[in-house]
Protein chains: 2
Amino acid sequence: MKPFVVTSEPNGHFCDDCAVRGAAVCSSLNAAELREFEHLGRRVHFGSGETVFSEEDITTSFYNVLEGVMRLYKLLPDGRRQIVGFALPGDFLGMNLSGRHNFSADAIGEVNVCQFPKAPFGRFIEDRPQLLRRINELAIRELSQARDHMVLLGRRSADEKVATFLLGWRERLVALKGPSDMVALPMSRQDIADYLGLTIETVSRTFTKLERLGVIEIIHGGISLLDPARVEAMAAA
Amino acid sequence: MKPFVVTSEPNGHFCDDCAVRGAAVCSSLNAAELREFEHLGRRVHFGSGETVFSEEDITTSFYNVLEGVMRLYKLLPDGRRQIVGFALPGDFLGMNLSGRHNFSADAIGEVNVCQFPKAPFGRFIEDRPQLLRRINELAIRELSQARDHMVLLGRRSADEKVATFLLGWRERLVALKGPSDMVALPMSRQDIADYLGLTIETVSRTFTKLERLGVIEIIHGGISLLDPARVEAMAAA
DNA sequence: GCAGCCGATTGACCCAGATCAAATTTGAGC
DNA sequence: GCTCAAATTTGATCTGGGTCAATCGGCTGC
């Protein structure tokens, strides 16, 4: 785990060409504030599989995902893993009350983040209620998603879980990259299983089943949604 | 569902004798602000089983639980239910982005809440970053609990779920009412099952099993923790 | 006190999804 | 292209917890 700063100008004006400027926490800042804000953070790169932070680590930074996908997860002492979410560009990570991260995060594929040391970030927020409000919005949105996911984990069948996952993931990609029936799945089957509270075998079998039904096609690095309506029907059931 | 205002003086100085003043959102307000704040809300009572708000209802109010217990849940179209949490005194309900509640809430036993109409509350927050910060803290705390619960729902066995629930619930009661090995369980077995992603039969069998092992005693309206350490061992396993 | 009801418990059986065990495919390094 | 390792798929079997079906027990109202 040896992250390195990407930009050649450590504190340069990199917000200008930041793809997530309009969507992330930054969207609450005006041009002058953004200029000041960018001096707080630095762009950092993580290679595939690298850990950005671990559960129980003291929180020293907040992170704004710029590019790539991260898995956010918790481990039980015996190694069982539950993925509590996937982070995509625009997601903001690191908020907590205890002073420690309450989940681990690692890169799925190449990831770039904007990293803000905790203390200066906290001071910056202090007199900018707009930014605090924005962060609160993000927390509330995540809370709502977390509750939806509890319903999935506690009350849905394997078929419903997989169908719901495919639709939800597609929706996030659509919001990010525009409409498409090709759904890229950068995470492994094990990641999907640990997200849905299933085993890798069940996920694999369910994918195969969906393919045999003709509603998806399994392609390299993802799936193609052949019959979104049927998948929606399976998810709702 | 016919809630009625409890206090005889609709906008009286009821914060003075409010049991949760120090713990709830209100803890972020000074005396003068509290005086102003109490004019925004009114104490409302709900009888056992009454619904405080429903999923998909337009949010018209925020709620601060004063007394009693509420179940917070989501329903699938076919009636399956997932309880996403239990609200206790000091909990703050109603935050959302969509303008609609994203879960339903009803009273388990008699409940008193402090109800704040959305618009004036929003205006009050506007120039009180302290209150916003407090609400943000509560949201982040809930988010952390939600993630813990995802781990439970997705990766723990029935025994672990029940043991974890008993310990977690006891901890909340202890924080509220002081230490005791008597754990009051005002919610039904069905509520517990829907919280843990189990059936009522499995919950019942697990309780009986714990009792036969001598680690708990099932008493009327709750359980007595005879051997907390063994229960903790079961929860961790 | 007792009839009726509702929640909780208990028992018998079943099945969705886990586990165990091979293939098979994919990909990275040479 | 070839080799090896890792990821995925597929098959066979098992089981934790669900489902179905009686009781049981404790209130409520008469």
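These numbers come from a predicted model, not from an experiment.

**Examining helix 7 (residues 228-236) of chain A**
Residues and elements named next belong to chain A. Buried within helix 7 are the following residues: V231, M234 and A235. Summarising the axial view, the buried residues of helix 7 lie within an arc of 100°, below the 170-degree limit, and thus occupy one face. Along its buried surface, helix 7 packs onto helix 4 (158-177), helix 6 (200-212), strand 9 (216-219) and strand 10 (222-225).

**Some points on the protein's contact with DNA strand D**
Surrounding DNA strand D, one finds 15 residues, the nearest of these being A:R189, A:T208, B:A158, B:T202 and B:R205. In DNA strand D, atoms within 4 Å of the protein come 62% from sugar and phosphate. Here a phosphate oxygen of DNA strand D sits 3.3 Å away from a polar atom, N or O, in the side chain of B:H220. No other element matches the four residues that helix 6 of chain A contributes to the surface near DNA strand D.

**Some points on helix 3 (residues 129-155) of chain A**
The terminal C-alpha atoms of helix 3 of chain A lie 39 Å apart, and with 27 residues this matches the ideal 39 Å at 1.5 Å per residue to within 8%. Among the 27 residues of helix 3 of chain A, 19 are classified as buried, and the element is accordingly described as predominantly covered.

**A look at the interface of chain A and chain B**
Many authors give the size of an interface as the accessible area that is lost as the parts come together. Counting residues at the interface gives 42 residues for chain A and 42 residues for chain B. If you sort the residues of chain A by the area they bury against chain B, A:R147, A:M150 and A:R155 come out on top, with a joint share of 20%. Across the salt bridge formed by B:R155 and A:D194, the nearest N and O atoms sit 2.7 Å from each other. Taken together, the links from chain A to chain B amount to 18 residue pairs in polar contact (both at pLDDT 80 or more). The element best represented in the side of chain A that touches chain B is helix 3 of chain A, accounting for 21 residues.

**Notes on the domain arrangement of chain A**
All names here are of chain A. Considered domain by domain, chain A is made up of domain 1 (4-152) and domain 2 (156-236). On the domain 2 side, the residues contacting the 16 residues of domain 1 number 16 residues. Counting the surface lost from both domain 1 and domain 2, the interface buries some 1400 Å², and carbon and sulfur atoms represent 63% of this. Between domain 1 and domain 2 we count four salt bridges in total. Notably, a salt bridge pairs D191 with R81, separated by 2.8 Å at the nearest N-O pair. Here domain 1 and domain 2 share 10 residue pairs in polar contact (both at pLDDT 80 or more) between them. Mapped onto the side of domain 1 that touches domain 2, the elements with two or more residues apiece are strand 4 (61-75), strand 5 (81-87) and helix 3.

**Digging into the protein's contact with DNA strand C**
Taken together, 15 residues lie around DNA strand C, and A:A158, A:T202, A:H220, B:R189 and B:T208 are the ones closest in. Looking at DNA strand C alone, sugar and phosphate atoms form 65% of those within 4 Å of the protein. The separation between a phosphate oxygen of DNA strand C and a polar side-chain atom of B:R189 is 2.8 Å. B:R205 is positioned such that a nitrogen or oxygen atom in its side chain is 2.8 Å from a base nitrogen of DNA strand C. If you list the elements that add at least two residues to the surface near DNA strand C, you get helix 6 of chain A together with helix 6 (200-212) of chain B. Looking at the surface near DNA strand C, the element that brings in the most residues is helix 6 of chain B, giving four residues.

**Here's the deal with the packing of aromatic side chains**
Residues and elements named next belong to chain A. Counted under the stated rule, the structure contains 28 aromatic pairs over all chains. Their ring planes at 50° and their centres at 5.4 Å tell us that F116 and F121 sit as a pair that is tilted. On the basis of relative accessible area, F116 is assigned to the buried category, the value being 1%. Take F121: its relative accessible area is 2%, and that puts it in the buried class. Among the aromatic residues, those joined into a ring-pair cluster are F37, F62, F92, F116, F121 and F124. For the cation-ring pair, R81 lies above Y73, with the distance from its terminal atom to the ring centre recorded as 5.7 Å.

**Focus on the sheet that holds strand 8 (residues 182-184) of chain B**
All names here are of chain B. Across the sheet, which stays open at both edges, the three strands sit in the order 8-10-9 with antiparallel pairing between neighbours. This sheet does not close on itself; its edge strands, each paired only once, are strand 8 and strand 9 (216-219). This sheet shows a mean twist of 25° between the axes of neighbouring strands, independent of strand direction. Two strands pair when backbone bridges link them, and strand 8 and strand 10 (residues 222-225) are joined in this way by three bridges, in the antiparallel orientation. Across the sheet, M182 pairs through a bridge with S224, a residue of strand 10. Packed onto the sheet, helix 4 (residues 158-177) meets strand 8, strand 9 and strand 10 and runs at close to 90° relative to strand 8.

Calculation criteria
- Along each chain, residue indices are assigned from 1 in the same order as the chain's sequence is written.
- Chains carry letters and ligands carry numbers; both start at the beginning, A for chains and 1 for ligands, and go up in the order they are written.
- Given that this is a predicted model, residues contribute local features only at a pLDDT of at least 70 and side-chain atom pairs are listed and counted only at 80 or more, while totals for whole chains, interfaces and linings are drawn from all residues.
- Each side-chain value is derived from all of the structure's non-hydrogen atoms; neither hydrogens nor water enter the calculation.
- Here's how the labels work: a residue is buried when its accessible area is under 20% of the maximum for its type, exposed when over 50%, partly exposed in between, all with a 1.4 Å probe on protein chains only.
- Starting at the N terminus, helices and strands are each numbered in turn, a helix being any DSSP run of H or I of at least four residues and a strand any DSSP run of E of at least two.
- For this quantity, the arc is that covered by the directions from the helix axis to the C-beta atoms.
- Contacts between residues were defined by any pair of non-hydrogen atoms, one from each residue, lying within 4.5 Å.
- One heavy atom within 4 Å of a molecule or strand makes the whole residue count as near it.
- Two N or O atoms count as a polar contact when they lie within 3.5 Å, although within protein this holds only if one can serve as hydrogen donor and the other as acceptor, and sequence-adjacent residues are included solely when both atoms are side-chain atoms.
- How far a helix is expected to stretch is found by multiplying one less than its residue total by 1.5 Å.
- The term buried area denotes the loss of accessible surface (1.4 Å probe radius) that occurs when two parts are joined, taken as the sum for both partners.
- Salt bridge, as applied in this entry: a Lys or Arg side-chain nitrogen positioned within 4 Å of an Asp or Glu carboxyl oxygen.
- Domain limits in this description derive from either an automatic procedure or a database domain assignment.
- Aromatic pairing here means that ring centres of Phe, Tyr or Trp (its six-membered ring) are within 6.5 Å. Orientation follows from the plane angle: under 30 degrees is stacked, over 60 is edge-to-face, and everything else is tilted.
- By definition, being over a ring means that NZ of Lys or CZ of Arg is both within 6 Å of the ring centre and within 35 degrees of the ring normal.
- Strand pairing is assigned whenever DSSP detects at least two bridges linking the two strands.
- An axis is simply a line fitted to the C-alpha atoms; with a helix, the fit covers only the stretch in contact. Between two such axes, the angle follows the N-to-C directions and lies from 0 to 180 degrees.

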